[in-house]
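# Observations on chain architecture
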Number of protein chains: 2
Amino acid sequence: MSALDGLIEALRRLPGIGVKSASRMAFHMLQHDREGAQVLAQALQQAVSRIRHCSQCHTFTEDEVCATCRDAQRDRSKLCVVETPADQAAVERTSAFRGLYFVLMGKLSPLDGIGPKDIGLGKLFARATDGAVQEVILATNFTAEGEATAHVIAEALKQRGLKVTRLARGVPAGSELEYVDLGTIAHALVERRER
Amino acid sequence: MSALDGLIEALRRLPGIGVKSASRMAFHMLQHDREGAQVLAQALQQAVSRIRHCSQCHTFTEDEVCATCRDAQRDRSKLCVVETPADQAAVERTSAFRGLYFVLMGKLSPLDGIGPKDIGLGKLFARATDGAVQEVILATNFTAEGEATAHVIAEALKQRGLKVTRLARGVPAGSELEYVDLGTIAHALVERRER
């Protein structure tokens, strides 16, 4: 296999990249950005060798325990469960949560053969029952798979006597009812709050 | 900068990849395909160190002269000018051309500041006037930029006394007139053939 074909094959392992995109990327880098290709090669190697999972919350980190879990200012009685580091970042940006996280690094997806073991639920259960955690806030996505994942976790943790909550479903901030989908309005009605 | 941020930054240098796609790619590789990340790193380094331009036709090759230009079976009197190696591959797949190629590795694009020097037109003119070439077939794309590129090359080579032809414009094979755009039908009428 030529170096060019090898590069195109390797680029196709990126998610969402087919042979046309891979060819276009290879052409672009070889013709216009060879420095970028070298930077990317180095970044890949450094990431693979340095990045591992936080022993506490399972997110990506270069240390044994990530900076968030090490932060003495955080409330250790609340544990927020998210699917990915990107979801964790979204919650962090709100500045509305000062507890700790557990990052599943995936979601239950029986159709894709992803079961409880594949997303480290055992690790979550051990973490949630460490004595300090009093409330587990489920912040998995509001998709079918995210909801199923939240359901499985909730059932297991309630059996262990923990308080389990879920992010509220409802009308997004700043939205006009006319343009909100029916399911969302229905949930917002059912879960309406007194005030 | 952390190794993860470094990887996301590096992935953003790929064409068409923004910060969301780059994050998704980084997450996928670190979580599900670390071997793929290493394969890609190696493929990038090999490609950058091994791949250069054919001294004859300017396409990517790992040798001084590419396999097509070395092929003694090819008709050296015909030179087909294409924009990219992918275009060359498209022409090759037809098996309808047995001459040689010149790969511009780009196209004239004054709006992007890409002029005749940037796409090596000097090299093409030297190649086309080597004595062996009798006909230059312009197979640049039928876009505004490809047409402008073809026009500039045609004018320059005709001044040098060469026969210059352009791929025929017309109705695509297998298409129904009802669904062919007006410009294409108009061109096909103007360039109609007697039979």
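All figures in this text were calculated on a predicted structure; none of them were measured in a lab. (Residues numbered from 1 in each chain as written. Chains lettered and ligands numbered in written order. Predicted model: local features only at pLDDT ≥ 70, side-chain atom pairs only at ≥ 80, totals over all residues. Heavy atoms only, no water.)

Let's shift gears to the sheet that holds strand β3 (residues 75-82) of chain B. Residue and element names in this part refer to chain B. Reading across the sheet, the four strands line up as β4-β3-β5-β6 and stay open at both edges, with parallel pairing between neighbours. A strand with exactly one partner marks an edge of an open sheet, and here the two such strands are β4 (99-103) and β6 (163-166). With direction set aside, neighbouring strand axes in the sheet form an average angle of 25°. Bridge count for β3 against β4 is five bridges, and the pairing is parallel. When the bridges of β4 are listed, leucine 79 appears paired with leucine 100. On the sheet, helix α5 (residues 85-93) packs against β3 and β4 and is oriented at approximately 160° with respect to β4. Where helix α7 (residues 144-159) meets the sheet, it contacts β3, β5 (135-138) and β6, and its direction lies at approximately 165° from that of β6. (Pairing = 2+ DSSP bridges. Helix = DSSP H or I, 4+ residues; strand = E, 2+ residues; numbered from the N terminus. Axes fitted to C-alpha atoms, helices over the stretch in contact; angles between N-to-C directions. Contact = heavy atoms within 4.5 Å.)

Let us now look at the relation of the copies chain B and chain A. Rotating chain B by 180° about the axis while translating it 0.0 Å along that axis superimposes it on chain A, leaving an RMSD of 0.1 Å. These values place the two chain copies in the arrangement generated by a two-fold rotation axis. For chain B, the smallest separation between a C-alpha atom and the rotation axis is recorded for alanine 41 of chain B, amounting to 2.0 Å. When the interface residues of chain B are mapped onto chain A, 100% of them again lie at the interface, so the same face is used by both copies. (Least-squares fit on C-alpha atoms with pLDDT ≥ 70 in both.)

This part covers the interface of chain B and chain A. Listed by partner, the interface residues are 42 residues for chain B and 42 residues for chain A. Here chain B meets chain A over a buried area of about 4100 Å², counting both sides, of which 71% is carbon and sulfur. Summed over the shared surface of chain B and chain A, the number is four salt bridges. For glutamate 35 of chain A, the salt bridge identified is with arginine 13 of chain B, shortest N-O distance 3.9 Å. Linking chain B to chain A there are 10 residue pairs in polar contact (both at pLDDT 80 or more). Contributing elements (two or more residues each) for the side of chain B that touches chain A: α1 (3-11), α2 (19-32), α3 (34-50) and β1 (52-53) of chain B. With 15 residues, the top contributor of residues to the side of chain B that touches chain A is α3 of chain B. Counted by class, the side of chain B that touches chain A contains 24 nonpolar, 10 polar and eight charged residues. (Buried area = accessible area lost by both parts, 1.4 Å probe. Salt bridge = Lys/Arg side-chain N within 4 Å of Asp/Glu carboxyl O. Polar contact = N/O pair within 3.5 Å; in protein donor to acceptor, adjacent residues only side chain to side chain. Nonpolar A, V, L, I, M, F, W, Y, C, P; charged D, E, K, R; others polar.)

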